[in-house]
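Structural features, examined
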Amino acid sequence: MHAFYAECNFNSSIMYKRLYITHILYCLVLTVALCACSSSKHVPQDRLLVNKVSIKVSDNKEYKESNLYNYLKQIPNHTVLGGIKLQLGVYNMSGKDSTKRINRWLRKMGEAPVLYDHTLTEASKKELTTLFANKGYMKVNVTADTFINKKKRKIDIVYNVTTGKPHLIKSVTYNIPNDTLRKLILADTAESKIKPDTPFDRNILSAQRDEITKKLRENGYYAFNKEYITFTADTTEGCNDIDLTLNTMPPYSNEKMPYYTSHKPFFVRNVVFVTNYDPVTMHNSGEYMASDTSYHKNIIILHNKSQYIKPKVLEECCFIESGKLYNSADVTKTYQALGRLGILKFINIEIRPLGEIDGKVWLDTYILLTPGKSQSVTLSLEGTNSEGDLGFGVGAGYQHRNIAGGAEVLDTKFKASYESLSGDLNGLINKNYSEYSGEVGITYPKFKAPFLSKSFKQKILASTEISTQFNYQERPEYTRIIAGAAYKFIWSERKRNTRHTVTLLDINYVYLPESQINFLDSIQNPLLRYSYEDHFIMRFGYSFYHSNKKERDLLTSPFQENVYTIRAGAETAGNLLYGISNATGADKKAGEYEIFGIRYSQYAKFDFDYSITHNFSPRTSLSFRVGAGVAVPYGNSNVLPFEKRFYAGGANSVRGWGVRTLGPGNYNGKNSVNSFIYQCGDIRFDMNLEYRAKLFWVMELGAFIDTGNIWTIRDYEDQPGGVFKPSEFYKQIAVSYGLGLRMDFNYFLLRFDMGMKAHNPAIGQEPWPLLHPDWKRDSAFHFSVGYPF
């Protein structure tokens, strides 16, 4: 989905031009003033400002300073643009009277000076020492040198690290008395994280403990934990080689499980659903009471008289199977599947070990569910004033999160609007405008399709969306009907940040049953005219999304160094209708088939985007995006529907141009009102590079270079110079550059970008504005929500 944006092209707005120039000048003056301020303004006389901190590793090139910086307990104030402490400068603009609102506001936006603390320097030395020791450098030495500027009350700190040679693992042996455990642990030693001739890294040892524990718990060993795995390191004096032994310890004594004296696999006896769990009254009772008990296949359901969710739905969401070995992965999958059911407010899975029965150790699984509110209603009332024409609108919405007992979500929206029209309406009697619209959609938390097995549904946790929309508009000049319907599947892959969407059916239908004579001919704007013409699109589509973005873990890393995203999509329209028309021998009108008296579109469209962001630090990054697409009309269509064609320019494309003012090819759109409908194409290419840096408070800076254009597949008369030619297209790639300010409020981001043309491929325009810039001719301002990519 494209980010919402609105934009203003300075070629047509002198007022915005002046405002933006004033704003830029103000920012420049402010920056100069901040740089001129004394950075020690709020530093007490007996304290020192931490000016610079660096880390030097003298004998090991493997570790970079940027990777070690996160282990320091005290770092200087943040810098931007190569060393400007902008946040500190904003803080220093405040006065000493903290009771004044302006001073409190400046301090909140800025950053207080970082005052030198000797104890934090010692703590930083200890952190660095521990880091390298854990990596196998047992003889690491860390010192700290300080350089004081008494006049400016500043201090520089240099940490000197000498790692020495690492201890290496010479051999790995296993001390595992339990034969079953030994067989499981040694089954895939080739994939073990611990190997000979590798550094003695304690983090890797810990990760290996986690990996083994995970594997055992997925093979029935419910009571096993990582504390039962230890390592013995045998070294020789004067030698850096280590003989490593992995040990498994016997179970510790446990009053709750006295029978558990050796590591044994657990089997699942009963899987019990408690569908009306009350965490307040039932949490400490140990017993789960219900008025009724039901059985469905291999699950037991404790419920009240009104069983609000179907047993089949619970069984499909449950991966834990009675009679089989306990598997911790099945518990996680059950959490995920039940978490998709909107009717559930609270989910918890409780494991109760039972003891040894007939030579096996058993446990019961209790799945505790608390329902939320199933229904909600929204009402809205609005008033309108369109150039003196008064009107009102009434809306209502209804949602049911469990409409058929299977956690299906029903969404309905209805709206009615009325407006009294004034002015000269060519003698028409009816001077009112009325509009009625409705949307109905239902979402199933699974594949809603026949002949699908339970194993397939559990493998792919999908949802099915079925929706329909209808809009009826009546004005003195016309009556218009807009209708649509969609049927789609959406599913995500658990282990990868990947999402698939399959649109089985998507219909878009526009029909004008009545209109005033010459109404369409009176519309000068071609795009507006198209929105009133009869058209019908029935399409099938697929979209793909994948990203390697991970949940942020501040304990291991404050940021992810490289984050990439892949988006791809494909859709076709009209093939089924064309096949039916052709097979039934339907008559053509003007060489095209029709349905309901309306020509339908037929085309294929493909789209791809790849973006990657390299984070230099939590505050600075460099992002790159490349994208391409192609759409081909065929069969019943000579040209793509307007809304399906590509466009260039705008807040998310080549930002030196306004939206739909670039291309296709070297086409020159001279009239911004009429030409932009022709500035669309069948082929697109975009490539962007953007540097991002946090300034202060919520403010961010962006500097970007954009390239790209669009082309047509065929040589259309209304788009001269727009056709794609392999020998010419590279000359028609537009280039722009610019700066932007962003305001990051965490939940959303506001973006203000100013783009300037660098290379303009349009015929009759200055080809290299970079060499001969003209502000009025070459600039474009964009306001949007969210990053461009």
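Quick note: structure is the one above.
Because the structure is a prediction, the values reported are computed rather than measured. (Residues numbered from 1 in each chain as written. Predicted model: local features only at pLDDT ≥ 70, side-chain atom pairs only at ≥ 80, totals over all residues. Heavy atoms only, no water.)

1. So, the overall build of the chain
Going by this rule: By the criteria applied, helices consist of DSSP H or I runs no shorter than four residues and strands consist of E runs no shorter than two, each listed in order from the N terminus. Only protein chains enter the calculation, and the probe is 1.4 Å; a residue is then buried if its accessible area is under 20% of its type maximum, exposed if over 50%, and partly exposed in between. Residues are treated as being in contact if the distance between any of their heavy atoms lies within 4.5 Å. All accessible areas in this document rest on Shrake-Rupley with a 1.4 Å probe, and a residue is counted as covered only by the protein chains that are shown.
On a plain count of helices and strands, the chain comes out with 13 helices and 30 strands. Among the 789 residues that make up the chain, the fraction classed as buried is 43%. Long-range contacts, defined here as pairs at least 24 residues apart, represent 65% of the contacts in the chain between residues at least 6 apart. When the accessible surface of the chain is totalled, it reaches about 42,500 Å², and 56% of it is carbon and sulfur.

2. Overview of the pairing of strand E20 (residues 535-547)
The cut-off we apply is this: The rule for pairing is simple: two strands pair if DSSP sees at least two bridges between them.
Bridge analysis of strand E19 (residues 497-515) against E20 gives twelve bridges, and the strand direction is antiparallel. Bridging from a neighbouring strand, Ile 507 pairs with Met 538 of E20. Pairing of E20 with strand E21 (residues 562-573), which is carried by nine bridges, proceeds in the antiparallel orientation. What sits directly across from Ser 543, in E21, is Gly 569.

3. Some thoughts on the packing of aromatic side chains
Worth spelling out the cut-off: Here the aromatic set is Phe, Tyr and Trp, taking the six-membered ring for Trp, and pairing holds for ring centres within 6.5 Å; pairs whose planes are under 30 degrees apart are stacked, those over 60 apart are edge-to-face, and all others are tilted. For a lysine, the NZ atom is tested; for an arginine, the CZ atom; a charge sits over a ring if that atom is within 6 Å of the ring centre and within 35 degrees of the ring normal.
Taken as a whole, this structure holds 25 aromatic pairs when the rule is applied. Note on Phe 536 and Phe 596: the rings are 6.1 Å apart at their centroids and 75 degrees apart in plane angle, and the pair reads as edge-to-face. Here Phe 596 lies in the loop between strand E22 (594-595) and strand E23 (598-599) and Phe 536 lies in strand E20, a separation of 60 residues in the sequence. For Phe 536, a relative accessible area of 5% gives the class buried. Its relative accessible area of 64% is what places Phe 596 among the exposed residues. Both rings, one in Tyr 578 and one in Tyr 593, keep their centres 5.4 Å apart while their planes meet at 75 degrees; by these two values the pair is edge-to-face. Note that Tyr 578 is positioned in helix H12 (residues 575-583) and Tyr 593 in the loop between H12 and E22, a separation of 15 residues in sequence. Using a relative accessible area of 6% as the deciding quantity, one classes Tyr 593 as buried. An aromatic cluster of at least three residues, connected via ring pairs, comprises Tyr 222, Tyr 260, Phe 266 and Tyr 326. Sitting over the ring of Trp 657, Lys 757 keeps its end group 5.1 Å from the ring centre.

4. Topic: the pairing of strand E11 (residues 344-357)
Across twelve bridges, E11 lies against strand E12 (residues 360-371) in antiparallel orientation. In the strand pairing of E12, Ile 347 is matched with Leu 369. Hairpin connection between E11 and E12: a loop of two residues separates the two successive antiparallel strands, and Asp 358 in this loop has a positive phi of roughly 55 degrees.

5. Concerning helix H9 (residues 328-339)
The condition that has to hold: Multiply 1.5 Å by the residue count of a helix minus one, and that product is the helix's expected span. Two N or O atoms count as a polar contact when they lie within 3.5 Å, although within protein this holds only if one can serve as hydrogen donor and the other as acceptor, and sequence-adjacent residues are included solely when both atoms are side-chain atoms.
Between the first and last C-alpha of H9 there are 17 Å, a value that for twelve residues agrees with the 16 Å anticipated at 1.5 Å per step. Buried within H9 are the following residues: Ser 328, Ala 329, Asp 330, Val 331, Thr 334, Ala 337 and Leu 338. Where the residues of H9 are buried, they touch helix H7 (202-217), strand E8 (266-274), helix H8 (311-317), E11 and E12. Among the residues of H9, the N-terminal cap falls to Asn 327, whose side-chain oxygen and the backbone nitrogen of Ala 329 are separated by 2.8 Å.

6. Re the side chain of Asp 778
Relative to the assigned elements, Asp 778 resides in helix H13 (residues 775-778). At 2.7 Å, the side chain of Asp 778 and the side chain of Arg 777 are in polar contact.

7. Side note on the state of the cysteines
Cysteine pairs can be linked by a disulfide, which is a covalent bond between their two sulfur atoms. Spelled out, the test is: Disulfide assignment relies on a single distance test, namely cysteine sulfur atoms paired within 2.5 Å.
On inspection of all chains with the given rule, the structure shows zero disulfides. Free cysteine: Cys 317, not disulfide-bonded; nearest cysteine sulfur from Cys 318 at 8.8 Å. With a relative accessible area of 9%, Cys 317 lands in the buried category. Residue Cys 318 is classed as buried on the basis of its relative accessible area, which comes to 3%.

8. A look at the nonpolar core
Here is the rule: Nonpolar core, defined: a set of buried Ala, Val, Leu, Ile, Met, Phe, Trp, Tyr and Cys residues in which side-chain atoms within 4.5 Å join the residues together.
Among the nonpolar cores identified, the biggest contains 33 residues, and Phe 266, Phe 273 and Leu 341 are the most heavily contacted of them. Broken down by secondary-structure element, the contributors of at least two residues to this core are E8, strand E10 (299-303), H8, H9, E11 and E12. Residues in contact with Phe 273, not counting those within four places in the same chain, are Ile 299, Ile 300, Ile 301, Leu 302, Leu 314, Cys 318, Leu 338, Ile 367 and Leu 369. If you look at the next biggest cluster of nonpolar residues, it comprises 20 residues, including Val 53, Val 57, Val 114 and Val 161.

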